[in-house]
Amino acid sequence: MKNQGGFDTCGTVDHCIIGVMILSELTQEMNLVDYSRPSAKHRKIATSFRDTFLKDILMLACSLLKELLAKPLTLQDQQQQNLAMHLLKLVLNCLNFDFIGNSADESADDLCTVQIPTNWRTIFLEPETLDLFFDLYHSLPPMLSQLALSCLVQFASTRRSLFSNPERAKYLGNLIKGVKQILENPQGLSDPGNYHEFCRFLARLKTNYQLGELVVVKDYPEVIQLIANFTITSLQHWEFAPNSVHYLLTLWQRMVASVPFVKTAEPHLLDTYAPEITKAYITSRLECVPVVIRDGLEDPLDDTATVFQQLEQLCTVSRCEYEKTCTLLVQLFDQNAQSYQKLLHSSSRNPLEITVQEGRLAWLVYFVGTFVGGRLTYTSTDEHDAMDGELSCRVFQLISLMDAQLPQSSNEKVELAILWFLDQFRKTYVGDQLQHTSKVYARMSEVLGITDDNHVLETFMTKIVTNLKYRGRCEPVISRTLQFLNDLSVGYSLLKKLVKIEAVKFMLQNHTSKHFPFLGVSDNYSLSDLRCRTVFYTALTRLLMVDLGEDEDEFENFMLPLTVSFESVTRIFNGSFEQEEAKRMLMGLARDLRGIAFALNTKTSYTMLFHWIYPAYISVLQRAVELWYREPACTTPILKLMAEFMQNRSQRLNFDVSSPNGILLFREASKMICTYGNQILSLGTLSKDQVYPLKLKGISICYSALKSALCGNYVSFGVFKLYGDNHFDNVLQAFVKMLLSVSHSDLLEYRKLSQSYYPLLECLTQDHMSFITSLEPHVLIYILTSISEGLTAVDTIVSSSCCASLDYIVTYLFKHLAKEGKKTLRCREISQDGQRLLHFMQQNPEVLQQMMSILMNTIIFEDCRNQWSVSRPLLGLILLNEKYFSELRATLITSQPDNKREVLDQCFRNLMEGVEQNLLVKNRDRFTQNMSVFRRDVAEALRSEGASDPSTLDMMS
């Protein structure tokens, strides 16, 4: 690299290109995180490369670019173009380097401060550096100028602390001067790649610099005008590079949000330009509707994630000079609503024109919802609230107009926009967070008679009932409506108001497919996603619970539609057995019941549900699992229902002392898990794409249900053995059979499976070690191997559960050995279980030794995020394997240079200082404290100069 001083010393241009490509690949390789080796090792290598070579590589690339620019560029010369491209890529790789090891996700464009090392200051303080890249942008063809802009994006993102205040102002001035040149000669921005990078560049200006710093720049008034005009033009050409708009709106959002904090005398001019930006966005979206519909283009409204993100940004911009925004919106809304009414009442109804008007109205409703929701994020005034009332009036009037056309016609986009508006209005103006004297209701009471949030809630519920009644075929509307109902039903203060509303009373008494067709199972109305039904019944049951108390008759009346459905299924099972109909009904019923069970959080109400379902209806569910185990669409909701039943949330399952309900419920769960487990294993080997949906998903739900039962504290499991009941043993055997049919890789690969298996194993090792010790050696090896592999899992739920399980096993062994030391006859008689486990460990000593290696490895070399959890089993492992621990310690110390050995030896002595030969809580806590100090001291010793490369010390070997 040192010899590659310029073109004259490079040899041919081809040789130069090869050298630059090698440096570019090397820089990228050094920055690439290799998850197969410890993160500490990667950081050491990357830091060494950064400090030794990276600055020289960047300076070399910049000097070669200067030489290239000094020569007359011929665009036809492919060699020159290739060299320019690889040099720019090299610079970009240097600037994209992970300088401080934060491994920022590249997809997150907000985390965009580039942590340039301090010794690079001289490069960044030279004005020629920025000028070089602006000149390259103007000189190179679009494919290459795009790379020059990408480099400028990183230059604009340089950390603020690299400069002093005067230096930062000068650097920002140079950036702004470059922006001005680009906008005054915008020909290059017609290329989508250049346009996108330039938008990113503009967004970074406000991310890293304060508005107060921007406004004092020499050319600020001219530049802000140029940027505003550029933004307005971009918004008007909505079909060109739509993904770049996000960055422009980010710039304006952050600028407007900073206005209250600007202390400089210079005008920021945002009150002039922000309303223009808002107007351009609103009008451009309205103008796109006829084009989209007539030309069959992709509708921007279909991409709701992008729309909501842009609206959130626009809502901040709109609150600057809010009066102008509201005046514009009122005018547009009135024009479009009047045109729509005329079209509806015209004799020659033109469907295309109606669709266009509905599309515009949908956008306008989204805008109103956004601006009303913006009240939360900006200091609001009574005048602003009055304007929100003016806008909201129009949407509530539109709701009446749209619902008056039912059941003949309905526009999905308008309905979804209305539901978005209602949710924004709810968050802003309904509930305890707002004074009832809010001016928003002044105008609404004049026009609509809505005087407070009680009236608004009535309007909400009427709208919900209307949607559920008449829009059953439109699944997106039903889904969003039910989500809105669910959000309304969460707060207790709102629930007390809601139950007084007639529409709510109607729903509680008439939740059948006759009134709400989406609850039906016929092909015409059946939903493809039945999870909506769970949401519906969760919300309904919350409403029922407000006044339910101990009224069993009211509960029976509420459950009547489900009772009728279950009786129908029972008749089908006992009669001609129309499989498809019974299956569809049961899938819906299981979803409904899960919603009900989720909301019943009191002992009294849950007991009512238990008496309703047991024993008659639960046997129907058992039969369904037995029959349709091959069909997860049917078994998954039934198994999830059982898992929900087993949850002792808010101690709802703590039945009376005279009640056997806890044991009866567990027996039913045991039957279902055993039935499902035995049947699912009969499927044999499944392909990779089928194994999760057909088998592993069901197993994970079974494990989740079993874990809830074992940890719920409502069943005394010793009773089963005492009275010769085999339900507990059966379900544990089913657990083992299902487990052995799953590979270790699948256990960790499927997140839901690992998050149900490992916490279940923690429960078993905590309370049922007699079961663990009774397992066959090959099963025990499987379980211990799964723990060993889970200790290093990225998911802390998994690794912490593994540490806890290992701790319980080690503690059990240690206590057994302590009792063995006592020679009383009684102790020897009760330790048969422990003897079995001890014998197994003596036959397989490497199992615990490997786990000790893994934990020591994690503490010394890895980023240990659950240090407390790791420390608990480690003490027991050390006390059980003192000889092996001494060997590990000696291996680490002898691998270090002589001057480090004494320090490390002292670290290990400090680790065990004051730690006694027992596992009492006080002793464990002492060890945990020592380990925290040990980890810090060893890290410092290994990091300091002269220590061996940590990669050679991996204790796993």
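Refer to the preceding data block for the structure.
Residues numbered from 1 in each chain as written. Predicted model: local features only at pLDDT ≥ 70, side-chain atom pairs only at ≥ 80, totals over all residues. Heavy atoms only, no water.

1. Notes on the overall build of the protein
Short version of the rule: The way it works is that DSSP assigns letters per residue, a run of H or I at least four long becomes a helix, a run of E at least two long becomes a strand, and they are numbered from the N terminus. For every residue, the accessible area (1.4 Å probe, protein chains only) is compared with the maximum for its type, and the residue is labelled buried under 20%, exposed over 50%, or partly exposed between those bounds. Contacts are assigned to residue pairs with any non-hydrogen atoms lying within 4.5 Å of each other. To measure how exposed things are, a 1.4 Å probe is used in the Shrake-Rupley method; for residues, cover is taken only from the protein chains shown. His is not counted here, nor are the chain ends, while Lys and Arg score as positive and Asp and Glu score as negative. Where a charge lies is defined by one atom per residue type, namely NZ (Lys), CZ (Arg), CG (Asp) and CD (Glu).
Broken down by element type, the protein carries 45 helices and 0 strands. Along the first, second and third principal axes, the C-alpha atoms of the protein reach 95 × 95 × 50 Å. Taking all 957 residues of the protein together, the buried fraction comes to 53%. Residue pairs in contact within the protein that sit at least 24 positions apart in sequence constitute 77% of those at least 6 positions apart. On the protein, roughly 42,800 Å² of surface is accessible, and the fraction owed to carbon and sulfur atoms is 51%. Put simply, the protein has 92 plus and 107 minus side-chain charges, and the middle of one group is 4 Å from the middle of the other.

2. Comments concerning the side chain of H511
The line we're drawing: Whenever two N or O atoms come within 3.5 Å, that pair is a polar contact, provided that in protein one can donate a hydrogen and the other can accept it, and provided that, for residues adjacent in sequence, both atoms are side-chain atoms.
Within the fold, H511 resides in the loop between helix 23 (502-509) and helix 24 (531-548). The exposure class assigned to H511 is buried, which follows from its relative accessible area of 2%. Reaching out from H511, the side chain makes a polar contact with the side chain of Y537 at a distance of 2.8 Å. Not counting chain neighbours up to four residues away, the residues in contact with H511 comprise F516, L519, F536, Y537, L540, F558, P561 and L562.

3. Remarks on the state of the cysteines
Defined as follows: To count as a disulfide, a pair of cysteine sulfur atoms needs to be within 2.5 Å.
Evaluation of the coordinates by the stated rule reveals 1 disulfide. Across a sulfur-sulfur distance of 2.1 Å, C711 and C763 are joined as a disulfide pair. Taken together, the positions of C711 in helix 31 (residues 688-711) and C763 in helix 35 (residues 751-767) put the pair 52 residues apart, joining distant regions of the chain. Residue C711 is classed as partly exposed on the basis of its relative accessible area, which comes to 39%.

4. Section: helix 40 (residues 832-843)
The test is simple: Here the expected span of a helix is defined as 1.5 Å times the quantity of residues minus one. Taken from the helix axis, the directions to the C-beta atoms give the arc we talk about.
Here helix 40 is 12 residues long and its end C-alpha atoms lie 17 Å apart, about the 16 Å a rise of 1.5 Å per residue gives. For helix 40, every residue scored as buried is listed here: G834, L837, L838, F840 and M841. Along the long axis of helix 40, the arc covered by the buried residues comes to 160 degrees, so they all point the same way. Facing away from the buried side of helix 40 by over 90 degrees, the exposed positions are Q842 and Q843.

5. What to know about the packing of helix 14 (residues 304-318) against helix 16 (residues 351-373)
For clarity, the threshold we go by: Lines fitted to the C-alpha atoms define the axes, with helices restricted to the stretch that makes contact. Angles between their N-to-C directions range from 0 to 180 degrees. Working definition: roughly parallel below 35 degrees, roughly antiparallel above 145 degrees, roughly perpendicular at 65 to 115 degrees, and oblique for all remaining angles. For any helix crossing, the convention is left-handed if the near helix is rotated counterclockwise from the far helix by under a right angle, and right-handed if that rotation is clockwise.
Running from amino to carboxyl end, helix 14 crosses helix 16 at an angle of 55 degrees, the nearest separation of the two axes being 9 Å. For the element pair helix 14 / helix 16, the angle class is oblique. The two elements helix 14 and helix 16 meet at a crossing, and its hand is right-handed. The segment helix 14 lies against helix 16, with V307, F308, L311, L314, C315 and S318 engaging W363, Y366, F367, T370 and F371.

6. With respect to the nonpolar core
Basically, it comes down to this: The criterion is simple. A nonpolar core is a set of buried Ala, Val, Leu, Ile, Met, Phe, Trp, Tyr and Cys residues joined through side-chain atoms within 4.5 Å.
Core analysis: the largest hydrophobic core is formed by 330 residues, its most contacted members being F133, W252, F425 and F536. Tallying contributions element by element places helix 16 first for this core, with 12 residues. Sequence-distant contacts of W252, defined by excluding residues within four places in its chain, comprise I224, I227, A228, T231, L270, Y273, I277 and V317.

7. Some points on helix 4 (residues 78-95)
If you check helix 4, its first and last C-alpha atoms are 26 Å apart, about what 18 residues at 1.5 Å a residue would give, namely 26 Å. By the burial criterion, the buried members of helix 4 are Q80, L83, A84, H86, L87, L88, L90, V91, L92, N93, C94 and L95.

8. Overview of unusual backbone geometry
Looking along the chain, the bond that leaves Y614 and enters P615 is cis, with omega of 5 degrees. Position of P615 relative to the elements: it lies in the loop between helix 27 (603-613) and helix 28 (616-627). In the Ramachandran plot, S650 falls in the positive-phi region, its phi being about 55 degrees despite a non-glycine side chain. Its location among the elements puts S650 in the loop between helix 29 (632-645) and helix 30 (661-681). In the Ramachandran plot, N713 falls in the positive-phi region, its phi being about 65 degrees despite a non-glycine side chain. By the secondary structure assignment, N713 is in the loop between helix 31 and helix 32 (718-722). Owing to a relative accessible area of 69%, N713 belongs among the exposed residues under this scheme.

9. Concerning the pattern of salt bridges
Note the following rule: For this document, the term salt bridge refers to a Lys or Arg side-chain nitrogen within 4 Å of an Asp or Glu carboxyl oxygen.
Within the structure shown, the criterion is met by 40 salt bridges. Among the ionic pairs, R50 bridges to D51, the shortest N-O distance being 2.8 Å. The exposure class assigned to R50 is buried, which follows from its relative accessible area of 19%. Linking K688 and D746 is a salt bridge whose minimum nitrogen-to-oxygen distance equals 3.6 Å. With K688 in helix 31 and D746 in helix 34 (residues 744-749), this pair connects stretches of sequence that are 58 residues apart. Through salt bridges that share partners, D334, E390, R394, R443 and E446 make up one connected network.

10. Quick look at the packing of aromatic side chains
For clarity, the cut-off: Pairing of aromatic rings covers Phe, Tyr and Trp, the last through its six-membered ring, and needs centres within 6.5 Å; plane angles under 30 degrees mean stacked, over 60 mean edge-to-face, and all others mean tilted.
One pass over the full model with this rule turns up 49 aromatic pairs. The interplanar angle of 90 degrees and the centroid separation of 5.3 Å between the aromatic rings of F99 and W120 together place this pair among those described as edge-to-face. Taken together, the positions of F99 in the loop between helix 4 and helix 5 (121-125) and W120 in the loop between helix 4 and helix 5 put the pair 21 residues apart, joining distant regions of the chain. Judged by its relative accessible area of 2%, F99 is buried. Under the relative-accessibility criterion, W120 is labelled buried at 1%.

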